[in-house]
Amino acid sequence: MKVSIIIPVYNEEKTIRKLLRSLEPVKEKAEILFVDGKSTDRSLSLIPREYTVLQGAKGRAVQMNLGAEKSSGDVLFFLHCDSEIPSDAIEQIEAVMGKYRAGCFGIAFHSKNIWMKCCQIISNHRIKDRKVMFGDQGIFIRRKLFFEAGGFPDLPIMEDYQFSLTLKEMGVRIGITRKRIYTSDRRFRNGGRLRVMWKMNRLRSMYRKGADIEKIADLYRDVR
């Protein structure tokens, strides 16, 4: 089972070093592709030459789809640039893929803030209860199934949410790894943790009700 790790990048010079450190134990076990969306900071200069770097238009969905097309793995692992994976991430993925066609990691934050602990519990429960996974949880999926599902929809936001809903509609069962992925809480720090949690729920509700996706994207805002 060959795993391709696909990492969209856009102005991530503040977070990419942690990611690169966490990739060290797995770089000999997987194909790793960075897909840059025309970064204007030093992100690209920080990526070692040993990794494949693709150039594409800005947009997480577009970047991840490009990475998927150019990859060669049997399993595609989509990883956010502000995440940190466990040293045995590939083994964790292989264990899940032995029983499932798609899955993700449980999520965790380094923050000890009570609201971030609540967010962590809610996010991990959502996978098991509602069968919905988000991009910051490290989505991985069989290559064939990814393309059968149409890849990530070309949306400015909610591409991971809609992709997860599509898999759910297809009756795809979702597996979850034993170990967790650590993700940055930068969005929560910048807007007040409880307020941001409430806002994210509201934006998903707006999306389900058919609100204009550009309006939702404007409300979400880019923290980079």
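In what follows, the structure referred to is the one given above.
K.L.:
What am I meant to see in the sheet that holds strand E3 (residues 52–55) here?
P.N.:
Backbone-to-backbone hydrogen bonds pair the strands of a sheet. The strands run either parallel or antiparallel. The mixed open sheet is built from eight strands, whose spatial order is E3-E2-E1-E4-E7-E6-E8-E5. Two strands in the sheet have a free side with no partner beyond their single neighbour: E3 and strand E5 (83–84). Where E5 and strand E8 (residues 174–183) come together, two bridges link them in antiparallel fashion. Note that in E8 the partner of Ser83 across the bridge is Thr183. The strands touched by helix H5 (residues 114–130) are strand E6 (102–108) and E8; relative to E6, the strand with the most contacts, the crossing angle is about 165°.

K.L.:
When you look at the packing of aromatic side chains in this model, what are you seeing that I'm missing?
P.N.:
Aromatic rings in a pair are described by how distant their centres are and how their planes are angled relative to each other. A complete count under the given rule lists 12 aromatic pairs for this structure. Seen from their ring centres, Phe78 and Phe146 are 5.1 Å apart, and the 35° between their planes marks the pair as tilted. Of this pair, Phe78 sits in strand E4 (residues 75–78) while Phe146 sits in helix H6 (residues 143–148), and the two are 68 residues apart along the sequence. A residue is classified by how much of its surface remains accessible, and Phe78, at 2% relative accessible area, is buried. The exposure class assigned to Phe146 is buried, which follows from its relative accessible area of 1%.

K.L.:
Whenever I open this one, unusual backbone geometry confuses me. Can you help?
P.N.:
Among all residues save glycine, negative phi is the norm, and among peptide bonds the norm is trans. One non-glycine residue, Asn11, lies in the positive phi region at around 50°. Following the sequence through the fold, Asn11 ends up in the loop between strand E1 (3–9) and helix H1 (16–23). For Asn11, a relative accessible area of 17% corresponds to the buried category. One non-glycine residue, Lys131, lies in the positive phi region at around 60°. Secondary-structure assignment places Lys131 in the loop between H5 and strand E7 (139–142). Given the relative accessible area of 39%, Lys131 is considered partly exposed.

K.L.:
So what exactly am I meant to see when it comes to the pairing of E4 here?
P.N.:
A regular strand places its side chains so that they alternate between the two faces of the sheet. Taking every second residue as pointing to the same face, both faces of E4 are buried, with Val75 and Phe77 on one and Leu76 and Phe78 on the other. Where E1 and E4 come together, four bridges link them in parallel fashion. Along E4, the bridge assignment pairs Ile6 with Phe78. Two elements, E4 and E7, share four bridges in a ladder whose sense is antiparallel. Pairing of Val75 across the sheet is with Arg142, part of E7.

K.L.:
Could you clarify how one ought to interpret the pattern of salt bridges in this entry?
P.N.:
Should their charged atoms come close, side chains of opposite charge can pair. Per the counting criterion, the structure on display carries five salt bridges. With a shortest N-O distance of 3.1 Å, Glu24 and Lys27 are connected by a salt bridge. Asp88 is paired through a salt bridge with Lys179; the nearest N and O atoms lie 3.2 Å apart. One end of the pair, Asp88, is in the loop between E5 and helix H4 (89–97); the other, Lys179, is in strand E8, with 91 residues separating them in the sequence.

K.L.:
Whenever I open this one, the pairing of E7 confuses me. Can you help?
P.N.:
When E6 meets E7, the two strands line up antiparallel, connected through two bridges. Within E7, the position partnered with Ala102 by the bridge is Ile141.

What counts and how
Per chain, the residues get numbers from 1 upward, laid out in the order the sequence is written. Totals for whole chains, interfaces and linings use every residue, but because this is a predicted model, local features are given only for residues with pLDDT of at least 70 and side-chain atom pairs only at 80 or more, for both listing and counting. Just so you know, side-chain values use all the structure's heavy atoms and leave hydrogens and water out. Pairing between strands requires that DSSP locate at least two bridges from one strand to the other. Each helix is a run of DSSP H or I of at least 4 residues and each strand a run of E of at least 2, with the numbering of both proceeding from the N terminus. Between two residues, a contact is recorded if the distance between any of their heavy atoms is within 4.5 Å. Between N-to-C directions, angles cover 0 to 180 degrees, with each direction set by a line fitted to C-alpha atoms, over the stretch in contact for helices. Any pair of Phe, Tyr and Trp rings, taking the six-membered ring for Trp, is counted once the centres come within 6.5 Å. Such a pair is stacked with planes under 30 degrees apart, edge-to-face with planes over 60 apart, and tilted for the rest. The classification of residues rests on relative accessible area computed with a 1.4 Å probe and restricted to protein chains. Under 20% of the type maximum is buried, over 50% is exposed, and intermediate values are partly exposed. Any carboxyl oxygen of Asp or Glu that lies within 4 Å of a side-chain nitrogen of Lys or Arg is treated as forming a salt bridge with it.

Geometric descriptors of this kind do not, in isolation, establish any biological role.
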